[in-house]
Amino acid sequence: MKGMKISINPQPKVTVVTAFLLSLLFVTSNAMAMAVPAAGSFAYDLYDIGVNQILLGPIGFIAGVAFMCVAAILAVRQMILPAAGVVLGGAFLLKANTVVQTIGSMVA
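Residues numbered from 1 in each chain as written. Predicted model: local features only at pLDDT ≥ 70, side-chain atom pairs only at ≥ 80, totals over all residues. Heavy atoms only, no water.

Asker: Looking at this structure, I do not really get the overall build of the chain. What am I missing?
Answerer: Across its full length, the chain holds five helices and zero strands. Along the chain, from the amino end to the carboxyl end, the secondary structure elements read α-α-α-α-α. Here the chain holds 108 residues, and 13% of them are scored as buried. Of the contacts made within the chain by residues no fewer than 6 positions apart, 56% connect residues no fewer than 24 positions apart. By element, 74% of the accessible surface of the chain is carried by carbon and sulfur atoms, the whole surface being about 8900 Å². (Helix = DSSP H or I, 4+ residues; strand = E, 2+ residues; numbered from the N terminus. Buried < 20%, exposed > 50% of the residue type's maximum accessible area, 1.4 Å probe, protein only. Contact = heavy atoms within 4.5 Å. Areas by Shrake-Rupley, 256 points an atom, 1.4 Å probe, with all protein chains shown as cover.)

So, in structure tokens, the structure goes:
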């Protein structure tokens, strides 16, 4: 008995943790959508400046076009992974109005 080693099989722990994590995926919650603040409310001025005038305005459009130009330069230099990230950011800025509506309806 002196030289015998007892090994503990970690398999049951992994199974329990996996079952617990999978059960968390099936837990539901109430979905809440972000709504545009009403005119005159506390957050409307911040929303108007941040989203309507900057993101959806000329600043957002110019930034989106600039991102696409930077992505083209990165792609020419064979920096494909950074170029893909910049393209996603530029597409977000160019299609910001639909992204804002989609995020507002899908926040859970």
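Asker: Just checking my understanding: could you explain the packing of helix α3 (residues 58-76) against helix α4 (residues 80-94) for this structure?
Answerer: In a packed pair of helices, the relevant descriptors are the angle between the two axes and the axis-to-axis distance. It is at 8 Å that the axes of α3 and α4 come closest, and there the two elements cross at 165°. As summarised for this structure, α3 and α4 are arranged roughly antiparallel, according to the angle between their axes. As for how α3 packs across α4, the hand of that crossing is left-handed. Contacts between α3 and α4 involve Gly60, Phe61, Ala63, Gly64, Val65, Phe67, Met68, Val70, Ala71, Leu74 and Ala75 on the former and, on the latter, Ile80, Pro82, Ala83, Val86, Val87, Gly89, Gly90, Ala91, Leu93 and Leu94. Taken together, the residues of the contact of α3 with α4 break down into 17 nonpolar, four polar and no charged. (Axes fitted to C-alpha atoms, helices over the stretch in contact; angles between N-to-C directions. Parallel < 35°, antiparallel > 145°, perpendicular 65-115°, else oblique. Left-handed = near helix turned anticlockwise from the far one by under 90°. Nonpolar A, V, L, I, M, F, W, Y, C, P; charged D, E, K, R; others polar.)

Asker: Just checking my understanding: could you explain the confidence of the model for the chain for this structure?
Answerer: It should be kept in mind that the predicted coordinates are not to be read in detail where pLDDT is low. The predicted model of the chain has a mean per-residue pLDDT of 81, with 79% of residues at 70 or higher. Within the chain, α3 carries the highest mean pLDDT (93), whereas helix α5 (residues 96-106) carries the lowest (70). (pLDDT = per-residue confidence, 0-100.)

Asker: Where do I start with α3 in this structure?
Answerer: Residues spaced three or four apart along an α-helix face the same direction, because each turn holds 3.6 residues. Here α3 is 19 residues long and its end C-alpha atoms lie 27 Å apart, about the 27 Å a rise of 1.5 Å per residue gives. Buried residues in α3 make contact with α2 (44-55) and α4. Gln78, located one to two residues past α3, shows a positive phi value of around 65°. (Expected span 1.5 Å × (residues − 1).)

Asker: For this particular structure, what's the right way to read unusual backbone geometry?
Answerer: Glycine aside, residues mostly have negative phi, and peptide bonds are mostly found in the trans state. Phi is positive for Gln78, close to 65°, though the residue is something other than glycine. Positionally, Gln78 belongs in the loop between α3 and α4.

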